[in-house]
Amino acid sequence: MEVSDEENGPSPNKPLNGTNGHDRKRQKMRKSFPNGAAVNGVNGVSKAQHLQEQRAQLPIAQGLEALVREIAAHDVTIILGETGSGKTTQIPQYLLECGAFPGVIAVTQPRRVAATSLAARVSQEQGRPLGTLVGYAVRFDERTGAETRVKYLTDGMLVREMMSDPMLERYGVIVVDEAHERTLRTDLVLASLKKILRARNGEESGKGKARAHNPLKVVVMSATLDAEKFSKFFDNAPVLYVKGRQHPVSIYHTSTSQVDYVDAALRTFFQIHVDQPPGDVLIFLPGQEDIESLESSIKSYANQLPSNSVGVTLCPLYASLPNAQQSRVFTPTPEGTRKCILATNIAETSITIPGVKYVIDTGKQKEKRHLARMTGSGFDTLLTTDITKSSAMQRAGRAGREGPGFCFRLYTEEAFDAMALSSEPEVRRSSLTSALLQLRCIGHDLETLDFMDNPDAEAVGAALRTLWILDALDETKRLTKLGRSIAAFPLEPQLAAILLASVEHHCTADVISILSLMSASAPLFPDSSAQRDAASEARTKFRHPSGDHWTMLNVFRAYDEVCGSESKGGRRDWCKRNFVNERALREAGDIRTQLRIVCDRANINKEISCGQDESPVLKSLVRGLLQHTALLQPDGTYKQAMGPSIIKIHPGSFLTEKRSPAIVYNELVYTTHIYARGVSAVSKSFISDFPKRVTSGRAGS
DNA sequence: GAGCACTGC
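These numbers were taken from a predicted model, which means no experiment stands behind them.

1. With respect to the overall build of chain A
Then comes step 1: The number of helices and strands found in chain A is 26 helices and 22 strands.
Then comes step 2: Within chain A, the fraction of its 701 residues that count as buried is 52%.
Then comes step 3: Residue pairs at least 24 apart in sequence account for 73% of intrachain contacts in chain A once pairs closer than 6 positions are excluded.
Then comes step 4: Put simply, chain A shows about 31,500 Å² of open surface, and 51% of that area lies on carbon and sulfur atoms.

Put into C-alpha cells, the structure is as follows:
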C-alpha cells in the first residue's frame, strides 16, 4: 500500500493545477514587487529573487489566478490543500497582490508558533520588515502596524477580537486555516462567521438586499478530509483542490496484532537500523513513560552491536521536555550515526522534523477524557487509546517530506480499517463554560448558534449552571455586569471570578500570582520519581499550612526576589536547587503581566496585598471554585459540596494526610481513585456563605 | 501513598 497524493483524499471538484502557463506567472510575480530589490539592497536582490523563484515553483503557483477568481466570485470558498502545497503562505499574498480585496486579510492558525513563523516567512517573501505589511498577533506578542494588510493570528485571538469587534469590520478576508483540526476556537470562529456573513453581505445574492458596503470573504482551508461537510455548512460553497508536494510513503502493517508495542517498536527499529539504508527514524509513542523505557532499551541493545556498526543518536521529544533538549531533534545527525526520534504526537502536527525517512507508528496516543461532568463538574482522566485514520495518515506522511519514505505500522491492516476516521471535534469533548460566556458577550447564543457539530446538551447545561453559580448569568440566562467583567480576563471564568472576588477581599496582588501559576501550562512542581525525596525536602521551606495555593504563592514571592537580585543563570540555579519548574514561573510571569494590564483597564487596583493573612485569598478561591469544594466525612474522605463523588487528596499535595473540615481544589483527576489536586484547607463557613448555591447544586446533581 | 497527550486567550 502506498500513500500518494491521489490516495490522500477525495478527488478534486475542480483541479486547478496546470491551468495557467508557468512563464506568464513568473513575470506577473516580478511585476508585483518593484520595491523588493530596493529595500533589500545589493545582497537582497539575489535573496529576494531566490525567494520569488521558490514561490513560483510551489505546487500551488500555477493555479493561483483561477483560485483567486473563485474566491472573488463567492462569499465562502473551501480549499483542500495537501501538506507542502504552499496554500497558507501563497493564497494570502495573492489576495493582497491582486488588489481586489480591500481591508485586512486575517489568517487564523490553531498554534502560536505557526502564526509567528508563517508571518515571518511571508513578510520576507514580500521584502518588507515583519510587522509592517505583514504581521502577526498571538498571546503575549503582537507585531502589526497601521499599514498591516496580512495578519496571521491564532484562532483564539480572533475569538478575543470578536468581543470588541463583533462583525470583524476591520477584515475584508478571513482565512481559516487547518480547519480540519476542528479546535474549539476554530468551531467558534466558523459558527460566528456564518452569522457575520449574513449581516455583512446580506442574504444570498439574487434576491433582496443589495450588497453591503463592507462585504466579507471567507476562505476555509483544510487537509483532505471533511471537505463536503465544510461546503454544506456554508450553503454548498465551492470546493477547490490544491495538490501538495509529498513524496510517496510505503506503508507496512504487521500480520498479527502486537500486545507489547514498546517491544515491537524496539525490534522494528533494529530491523531498520541493521538492514536499511541511511535515514532518520521517527517513532510515535503515547507518552513520556514509554519514551523513557524504549530509550533505555535501544541504548543498551545499541551498545551490544559490533563496534564498527553505525551508532544511534537518540532524541526523546515530548512537550514537557525542556526546550534545549527538544531542539536537539533539529541538530544535524552526527556523522556515522542514525538519528532516532522518540516522540508523542507533538511530532504529528506541532513540530516537523527534517530528514525523517522511516516512521514507526505504535498506533497509540494518550487522550484526556472528561467524565461525569454533571456531577459537580466532573473529573478528568488520561487514557491510552487507538489513534484515528487521519492521525495514522498524518504520522505516515512525516516520512515523505524530503524523499520517498517508509512507515511501519505496529498494527494490522484490519486494525487500521477499524479505526475511527477522525477524532470528535473539541466542541463535543470539552467544557463550554468559557465559550458560552464569550459568545454571550458578542450577542450570540451558544444554544441556538449554528455549529458544524452541535454541542452536547448536557455540556451546555453544565456550562449554564456554572456561569449562573458564578453570577455571570442571571436566572433568565442573561449576561450580568459581573459576567462581562469576567469575560474581559484571559482566564477560565472560574478563575476570573476568583480575581474579581479578590478585589472585595483586598488581596488582588496575591491572587493574580496564584492564578497565573494555576493557568500556566507547565506544573510548578514536576514529579521526578528519581529524586522524589530530595525534591520534597527542598520544597519544604515554601510549605504553607493552609495548603497548595499559599505554597505556590510563597514560591512565586521567593522567585520574584531572586529575579530582583540574580542573573539569568542564578535564577536557573535557584529553580534547580529548589526543584521548581522555571518554565512554569516564566510563563506565569507573562500571564501575570497580562492580567495586571487588564486590571488597569478595568480600574482594579492590582497592587493590594494581604501580606501573610491567608483567609482573604482562600475566601476568593472559594468564590470561583464553589463547585470544587468538598467536606470532610467521619471516615477521613471528602465528599463534594455540590456533587455526589467521594474524593481523596492527591498524594502529591502538600495537604495530603491532613484533615480539614473543608477543602477547595483546582481539579479532580481519576487514576486509582478520584483525587483532588491543588488543594487548600478552608473554613466550612466560607462555603456556607453561599447556601442557595450549594443547596441548588445538590438538588440539580 | 502517586503517574503529567496536545493546544489556546
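Back to the write-up after that little detour.
2. Notes on the pattern of salt bridges
Then comes step 1: Counted by the stated rule, this structure contains 28 salt bridges.
Then comes step 2: Salt-bridge contacts for arginine 182 lead to aspartate 187; the nearest nitrogen and oxygen are separated by 2.8 Å. Residue arginine 182 shares its accessibility class with aspartate 187, and that shared class is buried.
Then comes step 3: For the salt bridge of arginine 428 with glutamate 424, the shortest nitrogen-to-oxygen distance reads 3.5 Å.
Then comes step 4: Its relative accessible area of 44% is what places glutamate 424 among the partly exposed residues.
Then comes step 5: Taken together, the shared-partner salt bridges connect Arg55, Glu97, Arg121 and Glu125 into one network.

3. With respect to the protein's contact with DNA strand B
Then comes step 1: The environment of DNA strand B is made up of 31 residues, and the closest members are Arg112, Arg139, Ala319, Arg532 and Thr671.
Then comes step 2: The sugar-phosphate backbone supplies 58% of the atoms of DNA strand B found within 4 Å of the protein.
Then comes step 3: With respect to DNA strand B, the backbone of glutamine 288 contributes an N or O atom lying 3.4 Å from a phosphate oxygen.
Then comes step 4: Interatomic distance of 3.4 Å between a backbone N/O atom of proline 651 and a base nitrogen of DNA strand B.
Then comes step 5: No other element matches helix α6 (residues 155-164), which puts 3 residues into the surface near DNA strand B.
Then comes step 6: A per-class count over the surface near DNA strand B returns 12 nonpolar, 9 polar and 10 charged.

4. A look at the pairing of strand β22 (residues 674-682)
Along a regular strand, successive side chains alternate from one face of the sheet to the other.
Then comes step 1: When you tally the buried positions in β22, you get 8 out of 9 residues, the bulk of the element.
Then comes step 2: In terms of strand pairing, strand β20 (residues 646-649) meets β22 through 2 bridges, oriented parallel. The residue of β22 that forms the bridge with lysine 648 is tyrosine 675.
Then comes step 3: Where strand β21 (residues 662-670) and β22 come together, 8 bridges link them in antiparallel fashion. Of the residues in β22, the one forming a bridge with valine 664 is serine 680.
Then comes step 4: Here β21 folds back onto β22, and the loop between the two strands holds 3 residues.

5. A few points about the environment of leucine 449
Then comes step 1: Its place among the elements puts leucine 449 in the loop between α15 (433-441) and α16 (457-469).
Then comes step 2: Separated by 261 residues in the primary sequence, leucine 449 and leucine 188 place their C-alpha atoms 9.5 Å from one another.
Then comes step 3: Contacts of leucine 449, omitting those with residues within four sequence positions, involve Ala191, Ser192, Lys195, Leu439, His444 and Asn454.

6. Re the nonpolar core
Then comes step 1: One finds Ile174, Leu193, Phe234, Phe489 and Leu585 to be the most contacted residues of the largest nonpolar core, which totals 106 residues.
Then comes step 2: The element best represented in this core is helix α7 (residues 184-201), accounting for 8 residues.
Then comes step 3: Three or more residues apiece are contributed to this core by two domains, here domain 1 (2-242) and domain 3 (625-701).
Then comes step 4: Those residues in contact with isoleucine 174 that sit more than four places away from it in its chain are Ala106, Leu158, Leu168, Leu193, Leu216, Lys217, Val218 and Val219.
Then comes step 5: Residues Val150, Val175, Leu240 and Val242 belong to the second largest nonpolar core, which totals 30 residues.

Thresholds applied
- Residues numbered from 1 in each chain as written.
- Chains lettered and ligands numbered in written order.
- Predicted model: local features only at pLDDT ≥ 70, side-chain atom pairs only at ≥ 80, totals over all residues.
- Heavy atoms only, no water.
- Helix = DSSP H or I, 4+ residues; strand = E, 2+ residues; numbered from the N terminus.
- Buried < 20%, exposed > 50% of the residue type's maximum accessible area, 1.4 Å probe, protein only.
- Contact = heavy atoms within 4.5 Å.
- Areas by Shrake-Rupley, 256 points an atom, 1.4 Å probe, with all protein chains shown as cover.
- Salt bridge = Lys/Arg side-chain N within 4 Å of Asp/Glu carboxyl O.
- Near = heavy atom within 4 Å.
- Polar contact = N/O pair within 3.5 Å; in protein donor to acceptor, adjacent residues only side chain to side chain.
- Nonpolar A, V, L, I, M, F, W, Y, C, P; charged D, E, K, R; others polar.
- Pairing = 2+ DSSP bridges.
- Core = buried A, V, L, I, M, F, W, Y, C linked by side-chain atoms within 4.5 Å.
- Domains from an automatic or database assignment.

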